[in-house]
Amino acid sequence: METESEPYVRLATLRQLHRVVAELNTARSLADTLQTVVDGIVVGLGYELACVNLVRPDGDLVVAAFAGDPAAEALITGRVGSRASWERRLTMGENWDGLRFIPHTEGWVLMEDDVPQWHTDGPDPRFEDEWHPEDRLYAPMYASGGELLGVISVDRPRNGRRPGAWGREALQMYAFQAAIAISNARLRANMQRALVRLEREQQALRASEESFRQAFEYAPSGMAIAEMGGDQHGRLLRTNDALCRLLGRPASVLRRYSFSDLVHPEDIGTLLRTSAEGGRAELRLGRRDGTYVWVSLRNSVVADAADGPRFLLTHVEDIEERKRHELQLAHRASHDSLTGLPNSAELRARLGARLCRRPQSVRASAIEALDAAFEGRDGYDGHAAHGADGTSGGHTAHAGHDGHPVGAEAGGAGEHGFHADGPDRFSGSDPFEFPGAPPAPSDGPYDHHVHTVAPATDIDDGTKGLAVLFCDLDGFKSINDRFGHHTGDAVLIEVARRLTTGVRDGDTVARLGGDEFVVLADGLGAADAADLAVRLRNAIIPPIRVDGRAVRVGASFGIGWASCGMSADEVLRSADQRMYIEKRSRSKAHRRAG
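This structure is a prediction, so every number in the text was calculated from the model and none was measured.

The rules we used
- Residues numbered from 1 in each chain as written.
- Predicted model: local features only at pLDDT ≥ 70, side-chain atom pairs only at ≥ 80, totals over all residues.
- Heavy atoms only, no water.
- Helix = DSSP H or I, 4+ residues; strand = E, 2+ residues; numbered from the N terminus.
- Buried < 20%, exposed > 50% of the residue type's maximum accessible area, 1.4 Å probe, protein only.
- Contact = heavy atoms within 4.5 Å.
- 1 Å grid on protein atoms, 1.4 Å probe; cavity = no way out; pocket = protein on both sides within 12 Å on 5 of 7 lines; lining within 4 Å.
- Points joined across faces, edges and corners; volume = space filled by probe spheres on them.
- Nonpolar A, V, L, I, M, F, W, Y, C, P; charged D, E, K, R; others polar.
- Patch = residues over 30% accessible without salt bridge, like charges linked within 9 Å, V, L, I, M, F, W, Y side chains within 5 Å.
- Areas by Shrake-Rupley, 256 points an atom, 1.4 Å probe, with all protein chains shown as cover.
- Salt bridge = Lys/Arg side-chain N within 4 Å of Asp/Glu carboxyl O.
- Pairing = 2+ DSSP bridges.
- Axes fitted to C-alpha atoms, helices over the stretch in contact; angles between N-to-C directions.

Draft legend 1. Seen up close, the side chain of His 264. Here His 264 is to be found in the loop between helix 9 (259–262) and helix 10 (268–277). By relative accessible area, which is 16% here, His 264 ends up buried. Not counting residues up to four positions away in its chain, the partners in contact with His 264 are Arg 284 and Tyr 292.

Draft legend 2. Representation of empty space enclosed by the protein within the structure. Going through the model one piece at a time under the given rule, you end up with one cavity of 30 Å³ or more. Looking at the largest cavity, its volume works out to about 240 Å³. Elements supplying a minimum of two residues to the lining of the largest cavity: strand 1 (47–55), strand 2 (61–67), helix 4 (83–89), strand 6 (136–142) and strand 7 (148–157). Here the lining of the largest cavity is built from residues that sort into 13 nonpolar, four polar and four charged.

Draft legend 3. View of a nonpolar patch on the surface. Together, Leu 11, Leu 14 and Met 173 give the surface a local cluster of nonpolar side chains, amounting to about 240 Å² of exposed area. Within the element layout of this structure, Met 173 appears in helix 6 (residues 165–217). Overall, the relative accessible area of 33% leaves Met 173 in the partly exposed class.

Draft legend 4. Structural context of the sheet that holds strand 20 (residues 554–561). Pairing is antiparallel across the open sheet formed by four strands, whose spatial order is 16-17-15-20. With partners counted over all chains shown, the strands left at the sheet margins are strand 16 (508–513) and strand 20, one partner each. Across the sheet, the mean angle from the axis of one strand to that of its neighbour is 25°, orientation sign disregarded. As defined by bridge partners, strand 15 (residues 465–474) adjoins strand 20 across eight bridges and the pair is classed as antiparallel. Considered in strand 20, the bridge of Asp 472 is made with Ser 556. The sheet strands contacting helix 12 (residues 344–352) are strand 15, strand 16 and strand 17 (516–524), and the helix crosses strand 16 at an angle near 135°.

Draft legend 5. Representation of unusual backbone geometry within the structure. The backbone of Asp 97 shows a phi angle near 50°, a positive value even though the residue is not glycine. Locating Asp 97 in the fold gives a position in the loop between strand 4 (94–96) and strand 5 (99–102). Among the residues examined, Asp 97 registers a relative accessible area of 64% and is labelled exposed.

Below, the structure written as structure tokens:
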């Protein structure tokens, strides 16, 4: 291709090399760059055949571009040679300053490996530097970090000779420039793919944001985004139209509030737990008109891996109707369907909520309790120790007319103040294991269960307690039998109304069933309870008009007293037996008249 005595040939070759190298940088893609590399070797460096074997991600090399012979190109383009076979070739033969030449005398051992190759037959060389068809010349291409990018393979120099020093240097320089061009092409391809991926991600993000916006804005239930952390923690950042309609406030006004500003005071603890942990809660939110609406909050804490919680996404569902139905069902389960009064189960629950397991009539003072504690007195085990006077645990036992002990206990309000946990909740064989009953007190100055003493006798001694008035109607059965159940029901409804009207707001009137009613009245003495029974009896006696007909019933009352150490059934049984004693003590004629 050149000789040392022909510098003008080297100059022409250098110009040609400069031209093909310049074309390397004009290719628009990696595939175009690879094809430009092999075309430049054929056009500018004087070889009839050239190919580029490019390293794949798995390390093997694939024939990525070929130039000089269409038949050979179709035969081996796309075929793969293993990395091990290529490393073997790059360590064989002669090292020409970075190039690797394997003469035909050594290359025959490579005929059976898996590297794609194509050779033509030819005569043996006639002189020493003549090119043989089975000679191999490789120009490895390396990245700037020394990583192998690929190998250029050339064949059949046009002058038929092995390249001299200048030809080798030209091929080596070209391989170096080709490596730069391939690296740049890969970088451009990666950037283009990254840009395409980024654009797709941005499009997907915009689509997702638009979908979220539409889902947020047009959701049939309320949606809100609240701030988390900082001085503005909990402040509403964004609300949808459904939430604005639910609370009766425009979005611009809601942005001044947080949910803690809107929640019912009794539900603030539930809100704080749900806001901190996420999850679901049912609570009440305030409307603009001052009313509250029951809602279900479902919170999702949207967090950033680096910065922690970012904001709170809240779904607000109106459950006012469901809550109304639940309250109605609970009311039906605990109240009599005819009169609307608390039923037997609710009465027992309210009464049981006021009773504890141990009798307690006289409370020890704080000093006495401390003295007893220092003396090592054992705690109460559920059975009071008997004193010398026969009283139980220092408590005076009072026998009623039926022989049952009657104690006293301070109570709270009933329907208008009593607190019950639900309908009948009795379980187990222990008569004191009833629902709502406080645990046995510790007999110390810090016992929160308040006991009061029941009146010792029917004579008022100033002691106040929880009176239980058991009422049984006199003459009701004859009315029911004579005029029918319709008239009987009307009588029961009117009696319930008269009883409710005749008691205080804090008292409870309940219907046990049939013609039996019970009144719970707290804070009464013996005389007060007797007066209340007389007033209620007198309220029931006046005629009751049903369908233009006047009917009359009387009432018998038995007065019992609730006391800790008794179960609700025992208290009711005591009052019931006293009622029957009172009923038998009066003649039939006087019962109807009261």
